[in-house]
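Each chain is listed here by its residues.
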Amino acid sequence: MPSVETARGPVDTAALGRTLMHEHVFFLNTENVQNYGVGAWWDEEERVADAVAKLKELAGRGITTIADPTVWGLGRYIPRIKRIAELVPELNIIVATGVYTYNDLPFQFIYRGPETLLGGPDPMIDNFCRDLMEGIADTGVRAAFLKCAVHTQGLTPGVRRVLLAVAATHRETGAPITVHTDSETGNGRQVVEVLAKEGVDLGKVVIGHAGDSNDLDYLKSLADTGAILGMDRFGLDLLNPMTDRVATIAALCEQGYADRMVLSHDTSCYSDWFGPDPETARGVAPNWIYTHISDDVLPALREKGVTEAQIDQMLVENPRRYFTW
């Protein structure tokens, strides 16, 4: 059987089970922690224990895998993820490689690569390939997919260069891709256009946050390219209420698109984006937790006529197909 790399090593894709395709364990900038967190608001043992408890609760709902697209720019720190994965053996954690930026490149890439001061091939491609094929730093953990972002600012020079590096890595390795997109501006169309031109297999691309939109014409135009719709922000009701997200998925299922959608929350155990208090985000998004889909969304989908076979397609079959490469 084909296998996929996880934070505990390779797992048969047939054993992935129900998979949430866009969840973070931590949004946590490593420089922020090292310089301002330790001894102040960051307690490593407390936060690890909290993450273990939350992930065990998720596994208790029958979810057996999460894909964690935390990459450079979001605070990826694999030693902590590896430790947590070993403490939650009932849950697979699949990690990613890439660069997350809405505008400019990290300074480490600005002066190297195509059309830069020093020129030469893009060093991001080598970095991404190493993470996928050899492992991340000295952790022994290999990434299994690529992640980048195109936000409201669109394809800025820095963002375009990351997207092209991700496409080149996909061509070299076959690794699948997840792209953060902005549904309000409809820039998922730009993403599939660029990736198709670069020779990417769009059946291996998740258009992240497509579920923020209820525009069926927009969503179907993406899915008709072969790309997968990331219906992956359940709990962020301030962007799109659950009832609307559910109705949109039900309508797409009815029209034959269950094989091109995946489900998730895009939440985390802890995020420093909202300050030191881990409960700040809960104040504005109380349902933005790992168990929302299991407890609330799946029953609502069933009430809308979504079948068990379609739910399994979105939670089991589509993730397994995506990670078979």
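Rules used throughout
- Residues numbered from 1 in each chain as written.
- Predicted model: local features only at pLDDT ≥ 70, side-chain atom pairs only at ≥ 80, totals over all residues.
- Heavy atoms only, no water.
- Helix = DSSP H or I, 4+ residues; strand = E, 2+ residues; numbered from the N terminus.
- Contact = heavy atoms within 4.5 Å.
- Buried < 20%, exposed > 50% of the residue type's maximum accessible area, 1.4 Å probe, protein only.
- Arc of directions from axis to C-beta.
- Axes fitted to C-alpha atoms, helices over the stretch in contact; angles between N-to-C directions.
- Parallel < 35°, antiparallel > 145°, perpendicular 65-115°, else oblique.
- Left-handed = near helix turned anticlockwise from the far one by under 90°.
- Nonpolar A, V, L, I, M, F, W, Y, C, P; charged D, E, K, R; others polar.
- Phe/Tyr/Trp six-rings, centres within 6.5 Å; stacked < 30°, edge-to-face > 60°.
- Pairing = 2+ DSSP bridges.
- Core = buried A, V, L, I, M, F, W, Y, C linked by side-chain atoms within 4.5 Å.
- Salt bridge = Lys/Arg side-chain N within 4 Å of Asp/Glu carboxyl O.

Asker: So what's going on with the environment of histidine 22? Which residues, and what values?
Answerer: Relative to the assigned elements, histidine 22 resides in the loop between strand E3 (19-20) and strand E4 (26-27). Distance from histidine 22 to glycine 208, taken between C-alpha atoms, is 8.1 Å for residues 186 residues apart in sequence. Those residues in contact with histidine 22 that sit more than four places away from it in its chain are Ala67, Pro69, Lys147, Thr178, His209, Asp232, Ser264, His265, Asp266 and Thr267.

Asker: Please give an account of helix H7 (residues 188-197) that cites residues and values.
Answerer: All of the buried residues along H7 are Gly188, Val191, Val192, Val194 and Leu195. All buried residues of H7 fall inside an arc of 165° around its axis, so they share one side. In H7, the exposed positions angled more than 90 degrees off the buried face are occupied by Glu193 and Lys197. Each element contacted by the buried residues of H7 is listed here: helix H6 (157-173), strand E8 (177-180), strand E9 (205-208) and helix H8 (216-223). Looking one or two residues past H7, glycine 199 carries a phi angle of roughly 80°, positive in sign.

Asker: Hey, could you go over the packing of helix H5 (residues 123-133) against H6 for me, with residue numbers and the actual values?
Answerer: Direction vectors running N to C along H5 and H6 enclose 45°, while the axes themselves pass 9 Å from each other. Here H5 lies oblique to H6, going by the angle between them. Once H5 is placed against H6, the crossing between them reads as right-handed. Across from Pro123, Met124, Ile125, Phe128, Cys129, Leu132 and Met133 in H5, the residues of H6 making contact are Arg161, Val162, Ala165, Val166, Ala168, Thr169, Glu172 and Thr173. The residue makeup of the contact of H5 with H6, split by class, is 11 nonpolar, two polar and two charged.

Asker: Just give me the short version of the packing of aromatic side chains, but keep the residues and values in it.
Answerer: Geometry of an aromatic ring pair is reported as the spacing of the ring centres plus the angle between the planes. This model, assessed by the stated rule, comprises 11 aromatic pairs. When the ring of phenylalanine 145 is compared with that of phenylalanine 323, the centres are 5.7 Å apart and the planes differ by 80°; the resulting orientation is edge-to-face. In this pair, phenylalanine 145 sits in strand E7 (residues 145-149) while phenylalanine 323 sits in the segment after helix H12 (308-322), placing the two residues 178 residues apart along the sequence. Per residue, the accessibility class of phenylalanine 145 equals that of phenylalanine 323, and both read buried. Where tyrosine 322 meets phenylalanine 323, the ring centres are 4.8 Å apart and the plane angle is 85°; that geometry is what we call edge-to-face. Per residue, the accessibility class of tyrosine 322 equals that of phenylalanine 323, and both read buried.

Asker: Mind laying out the sheet that holds E3, listing which residues take part and the relevant values?
Answerer: Strand pairing within a sheet occurs via backbone hydrogen bonds; the two strands may be parallel or antiparallel. With parallel pairing, the eight strands of this open sheet are ordered in space as E3-E5-E6-E7-E8-E9-E10-E11. Edge strands, defined here as strands with exactly one partner in the open sheet, are E3 and strand E11 (261-263). Sheet analysis places E7 next to E8, joined by four bridges and oriented parallel. Across the sheet, leucine 146 pairs through a bridge with isoleucine 177, a residue of E8.

Asker: Tell me about the nonpolar core, residues and numbers included.
Answerer: In this structure, Val25, Phe26, Leu55, Ile93 and Leu263 are the most contacted members of the largest nonpolar core, which totals 88 residues. Valine 25 has contacts with Ala51, Leu55, Ile66, Asp68, Ile81, Ile84, Ile93, Ser268, Cys269, Tyr270 and Tyr290, leaving out every residue within four places of it along the chain. Among the nonpolar cores identified, the runner-up in size contains 19 residues, and Met21, Ile94, Ala96 and Ala144 belong to it.

Asker: Hey, could you go over the pairing of strand E1 (residues 3-6) for me, with residue numbers and the actual values?
Answerer: Alignment of E1 against strand E2 (residues 9-12), held across four bridges, turns out to be antiparallel. Pairing of glutamate 5 across the sheet is with proline 10, part of E2. Taking the residues that link successive antiparallel strands as the turn, the E1-E2 hairpin has two residues.

Asker: How would you sum up the pattern of salt bridges? Please name residues and give values.
Answerer: Per the counting criterion, the structure on display carries 19 salt bridges. Note that aspartate 50 is salt-bridged to arginine 47, the shortest N-O span being 3.5 Å. Placement of both aspartate 50 and arginine 47 in helix H2 (residues 44-60) is noted, with a separation of three residues, approximately one turn of the helix. Aspartate 212 is paired through a salt bridge with arginine 233; the nearest N and O atoms lie 2.8 Å apart. With aspartate 212 in the loop between E9 and H8 and arginine 233 in the loop between strand E10 (228-231) and helix H9 (242-254), this pair connects stretches of sequence that are 21 residues apart. Exposure class is identical for aspartate 212 and arginine 233. Each is buried. Through salt bridges with shared partners, a single network forms among Glu46, Arg47, Asp50 and Lys54.

Everything listed here is a matter of coordinates, which is why it stays silent on function.
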